[in-house]
Amino acid sequence: MGCVIAGGGPAGAVLALVLARAGVEVTLLEKHGDFLRDFRGDTIHPSTLQVLDELGLAREFLRLPHRKAYEVGIVTDAGETRLANLRGLPGRYDYIAFVPQWEFLNLVTSAAGAYPNFRLLMNAEAYDLIREGGAVRGLRYRDASGEHEIRAALTVAADGRSSTLRERAGLVPEDLKAPMDVVWFALPRNDGDRDDTFLRISSGNMMVAINRETYWQLAYLIPKGGYSALVSGGIDALREPVARLLPWLADRTGGIGGYDDVSVLTVMLNRLRRWHRPGLLCIGDAAHAMSPVFGVGINLAVQDAVAAANLLAGSLRSGAPIPEPTLHLLQRRRMAPTRVTQAAQRLVQNLVIRPALSRRFDPSGLPRDLTKVPLVNRLIPRFVGFGVRPEHVYVRESPPP
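Right, let's walk through the structure included here. (Residues numbered from 1 in each chain as written. Predicted model: local features only at pLDDT ≥ 70, side-chain atom pairs only at ≥ 80, totals over all residues. Heavy atoms only, no water.)

Some points on the layout of surface pockets
Here's step 1: Size it by volume and the second largest pocket reaches roughly 240 Å³.
Here's step 2: What lines the second largest pocket is a set of 17 residues, and nearest its centre among them are Glu 71, Val 72, Gly 73, Asp 196 and Thr 197.
Here's step 3: Among the secondary structure elements, those contributing two or more residues to the lining of the second largest pocket are strand S4 (67–69), strand S5 (71–76) and strand S6 (79–85).
Here's step 4: The element contributing the most residues to the lining of the second largest pocket is S5, with five residues. (1 Å grid on protein atoms, 1.4 Å probe; cavity = no way out; pocket = protein on both sides within 12 Å on 5 of 7 lines; lining within 4 Å. Points joined across faces, edges and corners; volume = space filled by probe spheres on them. Helix = DSSP H or I, 4+ residues; strand = E, 2+ residues; numbered from the N terminus.)

Description of the state of the cysteines
Here's step 1: Tallied over the full model, the rule gives zero disulfides.
Here's step 2: Counting only cysteine sulfurs, Cys 282 is the nearest neighbor of Cys 3, a cysteine outside any disulfide, at a range of 12 Å.
Here's step 3: For Cys 3, a relative accessible area of 0% translates into the label buried. (Disulfide = S-S within 2.5 Å. Buried < 20%, exposed > 50% of the residue type's maximum accessible area, 1.4 Å probe, protein only.)

Re the packing of helix H8 (residues 297–318) against helix H9 (residues 324–357)
Here's step 1: One can describe the packing of H8 onto H9 by two numbers: an axis separation of 10 Å at closest approach and a directional angle of 155 degrees. By the angle class used here, H8 and H9 are roughly antiparallel. By crossing handedness, the relation of H8 to H9 is classed as right-handed. Residues Leu 300, Gln 303, Asp 304, Ala 307, Ala 308, Leu 311 and Leu 312 of H8 touch H9, and the partners they reach there are Thr 326, Leu 327, Leu 329, Leu 330, Arg 333, Arg 334, Pro 337 and Thr 341.
Here's step 2: Considering only residue class, the contact of H8 with H9 consists of nine nonpolar, three polar and three charged. (Axes fitted to C-alpha atoms, helices over the stretch in contact; angles between N-to-C directions. Parallel < 35°, antiparallel > 145°, perpendicular 65-115°, else oblique. Left-handed = near helix turned anticlockwise from the far one by under 90°. Contact = heavy atoms within 4.5 Å. Nonpolar A, V, L, I, M, F, W, Y, C, P; charged D, E, K, R; others polar.)

Overview of the pattern of salt bridges
Here's step 1: What the rule picks out here adds up to 27 salt bridges.
Here's step 2: Where Glu 397 meets Arg 21, a salt bridge forms, and the shortest distance between an N and an O atom there is 3.7 Å. Here Arg 21 lies in helix H1 (residues 10–21) and Glu 397 lies in the segment after helix H10 (374–386), a separation of 376 residues in the sequence.
Here's step 3: We classify Glu 397 as partly exposed; its relative accessible area is 46%. (Salt bridge = Lys/Arg side-chain N within 4 Å of Asp/Glu carboxyl O.)

Quick word on the sheet that holds strand S8 (residues 118–121)
The pairing of strands in a sheet happens through backbone hydrogen bonds and is either parallel or antiparallel.
Here's step 1: With mixed pairing, six strands are arranged side by side in an open sheet as S8-S2-S1-S12-S21-S20. Either end of the sheet is taken by a strand with one partner, and the two such strands are S8 and strand S20 (276–277).
Here's step 2: Pairing geometry for strand S2 (residues 26–29) and S8, over four bridges, is parallel. Its bridge partner lying in S8, Leu 28 is registered against Leu 120. (Pairing = 2+ DSSP bridges.)

Regarding helix H2 (residues 46–54)
Think of an α-helix as 3.6 residues a turn; residues three or four steps apart then line up on the same face.
Here's step 1: Those residues of H2 that sit buried are Pro 46, Ser 47, Thr 48, Leu 49, Val 51 and Leu 52.
Here's step 2: In this structure, the buried side of H2 is in contact with strand S3 (43–44), helix H3 (58–63), helix H4 (101–112), H8 and H10.
Here's step 3: Backbone geometry just after H2 places Gly 56 at a positive phi near 75 degrees.

See the structure below:
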């Protein structure tokens, strides 16, 4: 068999689709029974929209319920700042699309399912690697019927920030330190509420507010490891800062009935020094966990997947093992965008997030409209929209048998 992929997130699903349409025998394993998870990342940036277009899925994607964001803004105690205006970006897509991640994953895996050489296994948890002669030759997984093996020329670990296969391969990420965790929850949205998605910063508090049409998806930032302290203060320790940051939501904070109504994201920022072993490749969060800053995690994962498919599809069609130096070419290509993006995230963490959470943030020096600063107006929209090295689908679709 050509390729087996552990993890049905954006990296694994997109890689499976591009390989399947190129004629590669590919199996994708997802440990859950569906893709429906609350508060997963779901910002689809222009770089990913362009990939969907190249795969012939953009029109179908845009039929999904979604919301377009053309601008990025910050609200502080001193007023509002326009950070970036995406209008005018080159190409067809000059906005960020907010779509629940399960809708995106269902779309991608359904498209892959049109190819007879693609197989999707749900409720299938990869737990170990098959090794022969010093190389990985597949994986072991368990499902409701027991334990099984899949042998493949290439095994891909796309199983997330706490990757089991990465750990089994002895690959340990370098921790780049994130200063915050995130508490996610939802509150009802009224017709008279503001219309945009924005970042709210105050000395001591930060929150992201995402307009979901009928409700607000809210991300309240807390100091790293601070969730237990928050819970010990009772539910009012969460309701009170929400009401203070967003006073027009104060009458709805009772919708947070208790801490059972929230989800906690332990933020990680890390990357592997080595993304591969013989017969094994790590991509997406398994290779580099991204901070929520800029909301680019999905898009970096998709870029990894497209680059991997472009590089490996031809060899995988033959079923022959992939030489490790070839896998290293993929790491070399994707490491630079990873490093630059994480450096930018760390800069924001150090200049904005740490000071805000430690009550040292002073918004008075922020200009009201950064889009009027020529260099900023050129660089930030391109960085947010396309990243450092956007990938394009070059591998051709293989005609059906």
